[in-house]
Structure formats: structure tokens, C-alpha cells
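Chain residues, written in single-letter form:
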Amino acid sequence: MFLLFFLCFSVVRAESDWKSLTPDQWKGDPKLWHVEGDVIVGEAKEGELKANTFFIWQGGQPGDFELTAEARVMGNNSGIQYRSKPVDGVDFGLAGYQMDMHPNQPYVGMLYEERGRGILCERGNKVERTASGESKKLADLPRPDITLDQWNTYRIVARGNVVQHYINGELETEFHDDEPGKSEPKGLLGLQLHAGPGMKVEFRNIKMREFGAESDKTEATEKPDDSTGGIDASNSGIKVAAGFKLEKLMDVPQGQGSWVSITVDGEGRFIVSDQYGKIYRIGKDAKSVPLDLEIGGAHGLLWHDGYLYVTVNESEGGQSGVWRAKETSDGYQKAELLKAINGRGEHGPHSLVASPDGKWIYVVAGNHTDLPEMDSYIPSRAWGEDQLLPRNPDGRGHARDRMAPGGWIARFRPDGKNWELYAIGFRNTFDIAFNTNGDLFAYDADMEWDFGMPWYRPTRICYVVPGADFGWRNGTGKWPAYYEDSMPPVLEIGPGSPTGFVSGKGLKFPARYQNALFAMDWTFATIRAIYLRPDGAGYESKSEEIVAGAGLPLTDAVAGPDGKLYFTVGGRRTGSSLWRLSYVGKASTAPVAYSEGKPEEKESALDLWKDLGSNDRILRLKARLGLEQIPASQWSNRLARETDTWRIIDSVIALARVAPDKSKKEVWDALFRAKWSEFNEEQKLGYLRAVGLVCIRIGAPDAEQREKLLTTLNPEFPSGEADLDAELCRMLCYLQAPGIIDRTLLLMENAPPPVKPDWMEIVARNKEYGRDIINMMASYPPTAPIHYAYCLRVVKGPWTAEETQRLANWFSTLDNKSGGLSFKPFMDQFRRDFQENIPDFGDKAPQKSVQLHELPPIEGPGRAWTADEIVALAKEGLTGRDKHHGRKMFEGSMCSTCHRFDGQGGGSGPDLSTVGGRFSVHDLADAMIEPSKVVSDQYAFDKIIKKDGGVVIGKILNEKDEILIIAANPFDMSQTMELSRAEVKEITKSDMSPMPAGLINRMNPEEMKDFLAYLLAK
């Protein structure tokens, strides 16, 4: 029996909210309109109407409202007019918004502005009309075929500047109107007869409710305990998709930390975990009590077949890894360690999920997690960095020593045995989920410091093919998505912090949501539905925002036994809570069928070889991965007589990976047998990658082979195709091709303005969160030329004086560019790389260190501020405060030397542009007063213990020739010191924040208010 009744209360809309718009309340031309029973009928003969005419409701001019009606149209087209005004000189004429009913499928249900801007949003689209009058597509929506002459249910929801059109329960049109002075906030309702061909239209069951202070209430029925009920969040400023209801169920009790993982046990009770502390169960009395387990700090919880599986990560003491505890009538038995995993923190081991058939349990780990020994490996153990050109680590030292395989996914049997590596090459996937077909997907993180760099990879949804490598490598080394040996994402979302990722299985939502996966973003406070459609051997995907709003740092989610989505909010010791998302619309919520997955069968070498020639990239990748599991001696002899382009490319890649010592002659012979002139662009990219892997793994070409490559490739550059030119430049710079310097400089000098990524539309819709990114995009770096510079830095030349000057001129154009935090350090390293090949190139003058006497003054008198004092000060009100002065306080307290805000400031600490949306005032005050309480892995300094007993605290930026380059001053990361690796005994993460405590203590209360108003964007 499920015990979720303590969290459930029914929400009823009072019937008085809705009113029937009966036929007697409408007025129009009596020659054209009449009533048959309860049906409004409009009829016109061909040519009878000189202009569109309307049956107009006489009950008022609604502004924000919801309206439903059933209608069918024969002949011409019709529509429901709303927020409209009369047309002078035209009887029963209206001008304004219309939900169109048109025989053309893109137009039925679209938003049309009668006697105005015309078509504003076709059906199947979510569109924003900007202040300048430009229309921007935000997302795709469903567009099933509609039979116009049959009864359909039409629904309009109008709130503020957002209008939504539904047909038969499906949201199919959404329009955000930001163009000033063009639309009406309220107006008349009308039913249309359209001029032109003869037609008939019928309307029935027209109902409306208006939104207002009294008309949009919800009412909770009696609850067993009034402390257990939810708080309706409908009007909280959080955006919720139409048809859904969002409720806050409870705040995490003080002392129970910040919840980051959640599961449901066999009795329907929630089990949750504090990021740094204990594991709790929420009982039927709605109280959370700690489980009697000696483990905690869980990033992953899974209740499966009578056992609680736990990924221990950030607990104080105790072994990190995967644990299991058996549930008994008295609680849980002593937990047993199934696999020790060396890794902690935000890039350590994370979530757990059971396979659809229950026979496997999958675990995912971030890129700072060492891969433990496995019983078996689906990916070939031949993984490597595979960099044709020297890789530069992150300019600020992040993950500089983390090499392949990067983040990984493994699986094991429920008894804890048979551990198998499943896939590799992720950055920091926090969670994974299975779709309706039984295929596994991952939601991987971006590296926001890489914004503006050609190697930046947005947060991405990945179809996890067994054995695949997704190509994360540190620094400049990330593999492009088009690399033939890399698995590309099915969807790139944009910047964010991926956390929970769950299947729609078990949710009482409409079918398309049950078939979806739900992706949670901590930074941008967004839950997205990810829709997947098979595409050959892979998938294609699109997404829809379901929940989005400020102050909602999402961490994990689970489908409750009642079919509702429950999720936790918190992380990094912030205020934490439990929420519920329910579907309250009218569409069917009948359960959909789920597959337990396809049987895992080994294919023969012959079948795999055939699939290598497929034009389907994913099928080729699966075939190559299968061949790599079979001894090369059983299939490599086929290469000698192969003429198919794709089989040559992918078999060469496989041989370079698994048999590099035995295949040098045969792979070069095969590569030169392939005909470049007959390749399409995808094959040219694959060929260049295959040649590169041969050079990396088997060895550089000899003089004759190099000449053959240059004869084929050198005349092809530049080609005018962006990806192809990127790879030709990489290869030709590696080969030190004649004339490559001048041609590459020409591309760098004449590059068109950078194209802003398409995820900028997502950022722009969330103006508060995206403010800093939008400001940065105003001076977006030239991405393609930066890649060319990355390649060109290895060319020894000789460089002429003119070429050297051109290079210096190009670098000067970067001075006013603003990328991610690592942009300038990366460019500084490029300059140093160039100087190794061009001795007279020279570095630009080092950046001037911050001088304390130049900081804006703080008047004081200050005090030793406490978090409670700062919260009390904020409660007095921050509206109308002097934010310009607040900016000066931000600078005067030295915050800006380490932190960026709105695209300005230092980079040794977290970007603070969005703290107002993610953290409470108390959490923010805590972080300022006790900065060492929570130190993110990304910003922590290293603690270097020397063999002589000395200790160095600083950030290791790079290592070259066994010499560590260390930045020790957080206020000026350009000040570095060197330390020989031979002097080092041990390197760990420092638990002390680089940020000194008490920096805000010089401010008086008025200065503090301005400071908070600026920081919180009040």
C-alpha cells in the first residue's frame, strides 16, 4: 500500500470560476448567425461577405483568461477572436488576436492578428516577438493532423504577453509578444465568418474563466496534518507548462542539510540524502528521519528489489563508492561496500539507475573520478588522448591532470558482481535514464570557462551506445562532435548545470510526456522534457521547458507511486525543499508501453564489416566498436582488398586503436588507395581523422607518405567549408605544409563576425539568469580564427617579418573580446607557444595587478557582520537602492578582483551574475562570511606538500618538463611561481577557500544594502 497520502491533497477549481458563454450572450448579423439548440451556427454564401464578420460576445472585454470551445468548420475558414477592438465603419468587424481555424494544417490553431501584423505564430511553434519586431522561434511544439469539419476542442490561455492555443488538449501554439504598442491587453471576443468561398461554422460548449485576484484560487481539502500539505506555486513567478500544477510540499528541516538525491522505497516512501550528511526517510507523518546507516553524503540513491543502493561521495570519512543495504522489517542491515571508487566532490561518482529489465544497475561518475578495475570492458581499453597537435590544459588549471577515459558509466549485477565498463568520454554527467525503447541516455555538463572557444561544448543529451567514447578531453583537447571515432550528442542545449535526469515512466502525464525524459538544470532552474525519435541507428531530439523560474536550484527527481513527479531543490548547503509536479489537464494519461531493451547479441566479424560501409554514422560506430572486441587477426586481412570508402576509414581507425604495432603498412596503403576526389564532406572529415589517428598511434608518416598527403590535401585548403577547413588546417599544420602560414592568416584576418550559438535564444528568454552571458556575447570572441591560431602555433616556419606582424595585429583584436573565464589565460598561453617558434614575436605587456589604493572607497564604519544581520537588513527592503553605488561596494570590497558580475571582473572565483536567482540572502551571506564552508572543486586551490615538509597553497595552472606552474595570489592569477615535481611529496585539494573571510566587514548598513541590491539584482 502506498503511503504518499500524507503529501497529497486535492486541488479543486471552484465551478464559479468558469462561466458558460451561452448563445444568447452574443450579437452579430442576424442574416448570417442563428442558434440551433445550444449550437451557434454561422453561414455565408460564396461572395456574400465583402469583409470578415464576427459574432461578438456582449459580456465584457476579458484580458487574462482561459476559454474553451468545441467547433467544426465546413468550407472556408473561421476563428476565435480575442483581445480585439471594433473596426470603425465596419459592422461587426474586429481587429486583434485570433485563434485561426483554417483548412491548411500549419494554420489551424495558429495565432493570426486580424487587421494587424498578420500571421504571428504558425501551429507547431513557440515564438517570441522581440521589442524590435523580430520573430524568434523558441521551440517546436506538436502539430498532429486536424480534421476541420469534425468537432474539435479549442482552448485559449492568455496571460500577460503570453498566449497559448490548444487543440484537443495539446499545446500547439505559444506566442510571447514583447513588441510595444502592437497588441491589446484586453478586448472583445468574437466568432468569425470569413469572406470569400461559401462556408458554415458551428460552436458549442463555450466556457471561460478570467484570471484575477479572486478568480484564480485553488482550494485545499482537509489534510490529516496541516504541516504536510503543499503550497500551490502557480502564481509564484515560476513558469509552469500549461496543464501542469506545481506545488512546494516541504522545506528541509534545519540540521538536515541540502538534499541532492531522492528515490522511492517499496512502501512508496521517499528516501533522500543530504549532499554532505545523512540519508533520510520521509514517513507517513511527513517527517524526515535519518536512516540508521553509517554511510551518507550520497550523490545517488536507488531502491531496487528490497535493497537501497547508495553512491557515497561527499561524506566526512567513509569510503567513497557504491554501497548496498538490505531493507528489513526493522530498518536496514549494515551497509556493504560493493565497489570502492576513488573520487569525491562535484565531479565524483554520482547517480544510479536500474535497467528496464532489472538485471543491471548502472552508475555514472564525473571526470575527477578514477576508473576502478572492472571485470569486463565494453569499450576497448585502447582509449587515449588522441591529440594530433599539442594540447594546452585549461588556462586556469582546471582538470589539467584528468586524462582519458574522463567521466564514465559502468554497470553491475544487483548482487554487486560482474562490474562492466559501459561508456566513456563524458565531462560530468550527474544522472542517466532509459527511454521507452530501453536505450540509455545521459545529460552531460559543459565547461562554462570555455565560452567563446572552439572547444566549448554545451550541455548535451547523449544516446549512450555501449562502448562509445564521447570525446571529453581536458583543456583544448575536446574532440569535435564530427570526429568519426566519437559519439555525437543527440541534442545540445546550451549553458547550464545538469543534475537530475529521469524517465517519464510511471508518470500520469499525457503520452508524449511519458515517452519523454526529464532533464533538470541547477543553474538555470529549468526542467525540460526531452523528446526522442528514432533516426536510423540513432535518435534525433528536441526539448520543451516544463518548469522554469528563479530560486529553484534543482537537484534530483523521481516518479512517485501516484504518478506525479517529485523533485528536490538544494545543493551546496543552500536552502532545500521538496516539490511536486502534477498533470491537471484534460488529455489522456493512460500508461504507454515500455520496452525492456533489446537482447545483447554478439555479431559476427563479417556482419560488422558489412555495417562499416553504412551511410548511417551510428551504425558504423556500433560496427567499429564491435570489431574492436574481436581479435584484429580475424578481420584485418579484409582491409587489403577493400575499396569502400567508409570501410577503409573506419577499419583504419579500429586498427590504429587496437593493433597499432601490426598494421603500419596496410593502413597507409589503404588510405592512399582511397580517392579523396570522390569523397563527400563527411567522408573527408572521417578520412582526416583516420590519418590523424594513424599519425598519433602508429607513427608519423615518412617523407614519401608525407609528400603523398601534401599532394592530396594542401591544394584543398581553404575549402570554404567551416568544419573541413578546421581539420585541413589541423592536419596541414601538423605536416608543416608549405604556404600554410599565409593562407591561415588570411582566414583569421578575413573571418566574418562570429555566429552566436543558437542556444542564445534560450539564454535571452531567461533574462535574469542570462544577463552575464548576453553581456559577454556583445564582445563574443572569433571562434574559428582561434582554432586556426591553435593550429598555426605549431608551425615552425620560418616566419617572415610581415607574417609575424600580421599575427601580432590579430592578437591585438582580442583585447576587447570577452569569453569565459579561461579565455584570456588560453590566449596568453597561445602567445607563449608562438614565441617558441617566432623568437621575436614577444608577449604583450603583463596585465597590471590590482592596486588597493585604486579601489573605490568604503566609508564604514563597518562591523563583523553575521548572516542573520544581513538577512534582517535585506528584509527592510532593497527596492530603489543605489545599484551604481552597490557596484562600487562590490569593487571596493575586492569582490570584483576574483568574481565576474555582468561580464566584468576577475576569474579566480565563481561568476556571481545569477546568485540572486539561485541562492537565498542567508545562503549568500553565509558564503561571504564563511567562504571555506563550501568550496567548489573548480575554484579550490591545491595543497602541495613538499618533501622537505613545506606547504604551498595555490592553483596549479600547468606542468611542463616536470615543472609545476602555480598561481598563489587569487587577486592576480598572472603572478606565478615554479616548483619542481621532484620536490613534491603529495598534492591534495585545499579545504580553505582562496577567498579571505571578512571582506564585507568594512561596509556600514547603508553600503551593505546597496551592495545586496546590486548583487541580487533588486
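- Looking at an unreviewed UniProt entry, the protein carries the name DUF1080 domain-containing protein, with the source organism given as Luteolibacter pohnpeiensis.

A short note on the overall build of the protein
- A count of helical and extended segments in the protein gives 19 helices and 54 strands.
- The C-alpha radius of gyration computed for the protein amounts to 31 Å, which stays within 12% of the reference 31 Å derived for 1018 residues, consistent with globular compactness.
- For the protein, the C-alpha atoms occupy an extent of roughly 90 × 70 × 65 Å along the three principal directions.
- Looking at the protein as a whole, 59% of its 1018 residues qualify as buried.

A short note on the nonpolar core
- One finds Trp635, Val652, Tyr687, Leu792, Leu807 and Phe834 to be the most contacted residues of the largest nonpolar core, which totals 75 residues.
- Not counting chain neighbours up to four residues away, the residues in contact with Phe834 comprise Ala789, Leu792, Arg793, Trp799, Leu807, Phe811 and Phe841.
- Listed in part, the 41 residues of the second largest apolar core include Ile40, Ile80, Cys121 and Val127.

Focus: helix H19 (residues 1005-1015)
- Burial analysis of H19 places 9 of its 11 residues in the buried class, the great majority of the element.
- Among the residues of H19, Glu1007, Met1008, Lys1009, Asp1010, Phe1011, Leu1012, Ala1013, Tyr1014 and Leu1015 are the ones counted as buried.
- A side-chain oxygen of the first residue of H19 lies 3.1 Å from the backbone nitrogen of Glu1006; this N-cap is Asn1004.
- Positive phi appears at Ala1017, one or two residues downstream of H19, with a value of about 55°.

Overview of the packing of helix H16 (residues 883-892) against H19
- It is at 7 Å that the axes of H16 and H19 come closest, and there the two elements cross at 95°. The angle between the axes of H16 and H19 places the two elements in the roughly perpendicular class. Here H16 contributes Lys883, His885, Gly886, Arg887, Met889 and Phe890 to the contact with H19, which in turn contributes Glu1007, Asp1010, Phe1011, Ala1013, Tyr1014 and Leu1015.
- Residues belonging to the contact of H16 with H19 are distributed by class as follows: 6 nonpolar, 2 polar and 4 charged.

Brief notes about the sheet that holds strand S8 (residues 78-86)
- Spatially, 7 strands are ordered S3-S6-S17-S8-S9-S10-S11 in an open sheet, and the strand pairing comes out antiparallel. The sheet terminates laterally at strand S3 (26-27) and strand S11 (118-121), the two strands that pair on one side only.
- Bridge count for S3 against strand S6 (residues 53-57) is 2 bridges, and the pairing is antiparallel. Within the sheet, the bridge partner assigned to Lys27 lies in S6 and is Ile56.

Topic: the side chain of Arg396
- Note that Arg396 resides in the loop between strand S34 (376-377) and strand S35 (407-412).
- As a buried residue without a salt bridge, Arg396 has its nearest oppositely charged side chain in Asp394, at a separation of 5.4 Å.
- In this view, Arg396 contacts Trp449, Leu821, Ser822, Pro825, Gly907, Ser908, Gly909, Tyr939, Lys955 and Leu957; residues no more than four positions away in its chain are not counted.

Some points on the pattern of salt bridges
- Counted under the stated rule, the structure contains 53 salt bridges.
- With a shortest N-O distance of 2.4 Å, Asp140 and Lys137 are connected by a salt bridge.
- A salt bridge links Arg806 to Glu749, with the shortest nitrogen-to-oxygen separation between them at 2.8 Å. Of the two residues, Arg806 is situated in helix H13 (residues 801-812) and Glu749 in helix H9 (residues 740-749); the sequence distance between them amounts to 57 residues.
- A residue is classified by how much of its surface remains accessible, and Arg806, at 13% relative accessible area, is buried.

Digging into the packing of aromatic side chains
- Taken as a whole and assessed by the stated rule, the structure comprises 40 aromatic pairs.
- Feature note: the residues Phe244, Phe509, Tyr513, Phe518, Tyr531 and Tyr583 constitute an aromatic cluster, connected by ring pairs.
- Arg324 extends its terminal NZ or CZ atom over the ring of Tyr307, reaching a point 4.0 Å from the ring centre.
- Over the ring of Trp646 we find Arg620, and its NZ or CZ is 3.5 Å from the ring centre.

Structural notes on the sheet that holds S34
- Here 5 strands make up an open sheet; going across it, the order is S32-S33-S35-S36-S34 and the pairing mixed. The sheet terminates laterally at strand S32 (349-354) and S34, the two strands that pair on one side only.
- In this sheet, strand S36 (residues 420-426) lies alongside S35 in antiparallel orientation, the contact comprising 5 bridges. Pairing of Arg411 across the sheet is with Glu420, part of S36.

A few points about the pairing of strand S44 (residues 538-548)
- For S44, the tally of buried residues reaches 8 of 11 residues, placing the bulk of the element in the interior.
- Here strand S21 (residues 239-240) runs beside S44; their pairing, made up of 2 bridges, is antiparallel. For Lys239, the partnering residue across the bridge sits in S44 and is Ala548.
- Sheet topology note: the strand S43 (residues 526-535)/S44 ladder contains 10 bridges and is antiparallel. The partner of Ala529 across the bridge, within S44, is Glu544.

Let's talk about helix H15 (residues 867-875)
- Those residues of H15 not exposed but buried are Ala867, Ile870, Val871, Leu873 and Ala874. All buried residues of H15 project into a common sector of 160° when viewed along the axis, lining one side. Pointing more than 90 degrees away from the buried face of H15 are the exposed residues Asp868 and Lys875.
- Immediately beyond the C-terminal end of H15, within one or two residues, lies Gly877, with a positive phi of roughly 110°.

A look at the pairing of S6
- Among the 5 residues in S6, 5 count as buried, and that is most of the element.
- Side chains Thr53, Phe55 and Trp57 project from S6 onto one buried face, and the interleaved Phe54 and Ile56 project onto a second face that is buried too.
- Here S6 pairs with strand S17 (residues 188-193) via 4 bridges, running antiparallel. Directly across from Thr53, in S17, lies its bridge partner Leu193.

Remarks on the environment of Arg706
- Locating Arg706 in the fold gives a position in helix H7 (residues 703-713).
- For the pair formed by Arg706 and Phe203, sequence separation is 503 residues and the distance between their alpha carbons is 76 Å.
- For Arg706, the residues in contact, after removing those within four places along its chain, are Pro701, Leu735 and Gln736.

Considering the packing of helix H3 (residues 617-628) against helix H4 (residues 645-658)
- H4 packs onto H3 with a crossing angle of 40° between their chain directions and a minimal axis gap of 10 Å. The two elements H3 and H4 cross, and the hand of that crossing is right-handed. On H4, the residues that touch Arg620, Arg624 and Glu628 of H3 are Trp646, Asp650, Ile653, Ala654, Arg657 and Val658.
- Across the contact of H3 with H4, the residue classes break down as 4 nonpolar, no polar and 5 charged.

As for unusual backbone geometry
- Of note, the bond from Phe717 into Pro718 is cis; its omega dihedral lies within 30 degrees of zero at 0°.
- As for its position among the elements, Pro718 is in the loop between H7 and helix H8 (722-734).
- In the segment running from Gly797 into Pro798, the intervening peptide bond is cis, with an omega of 15°.
- Turning to its location among the elements, Pro798 is positioned in the loop between helix H12 (783-792) and H13.
- Residues other than glycine seldom take positive phi values, yet Phe92 does so here, at roughly 55°.
- On the secondary structure map, Phe92 appears in the loop between S8 and strand S9 (94-101).
- According to the relative accessible area criterion, Phe92 is partly exposed, its value standing at 26%.
- Positive phi, close to 55°, is recorded for Asp305, a residue that is not glycine.
- Here Asp305 falls in the exposed class, since its relative accessible area comes to 66%.

What counts and how
Residues numbered from 1 in each chain as written. Predicted model: local features only at pLDDT ≥ 70, side-chain atom pairs only at ≥ 80, totals over all residues. Heavy atoms only, no water. Helix = DSSP H or I, 4+ residues; strand = E, 2+ residues; numbered from the N terminus. Rg over C-alpha atoms; globule rule 2.2 N^0.38 Å. Buried < 20%, exposed > 50% of the residue type's maximum accessible area, 1.4 Å probe, protein only. Core = buried A, V, L, I, M, F, W, Y, C linked by side-chain atoms within 4.5 Å. Contact = heavy atoms within 4.5 Å. Polar contact = N/O pair within 3.5 Å; in protein donor to acceptor, adjacent residues only side chain to side chain. Axes fitted to C-alpha atoms, helices over the stretch in contact; angles between N-to-C directions. Parallel < 35°, antiparallel > 145°, perpendicular 65-115°, else oblique. Nonpolar A, V, L, I, M, F, W, Y, C, P; charged D, E, K, R; others polar. Pairing = 2+ DSSP bridges. Lys, Arg positive; Asp, Glu negative; His and termini not counted. Salt bridge = Lys/Arg side-chain N within 4 Å of Asp/Glu carboxyl O. Phe/Tyr/Trp six-rings, centres within 6.5 Å; stacked < 30°, edge-to-face > 60°. Lys NZ or Arg CZ within 6 Å of the ring centre and 35° of its normal. Arc of directions from axis to C-beta. Left-handed = near helix turned anticlockwise from the far one by under 90°.

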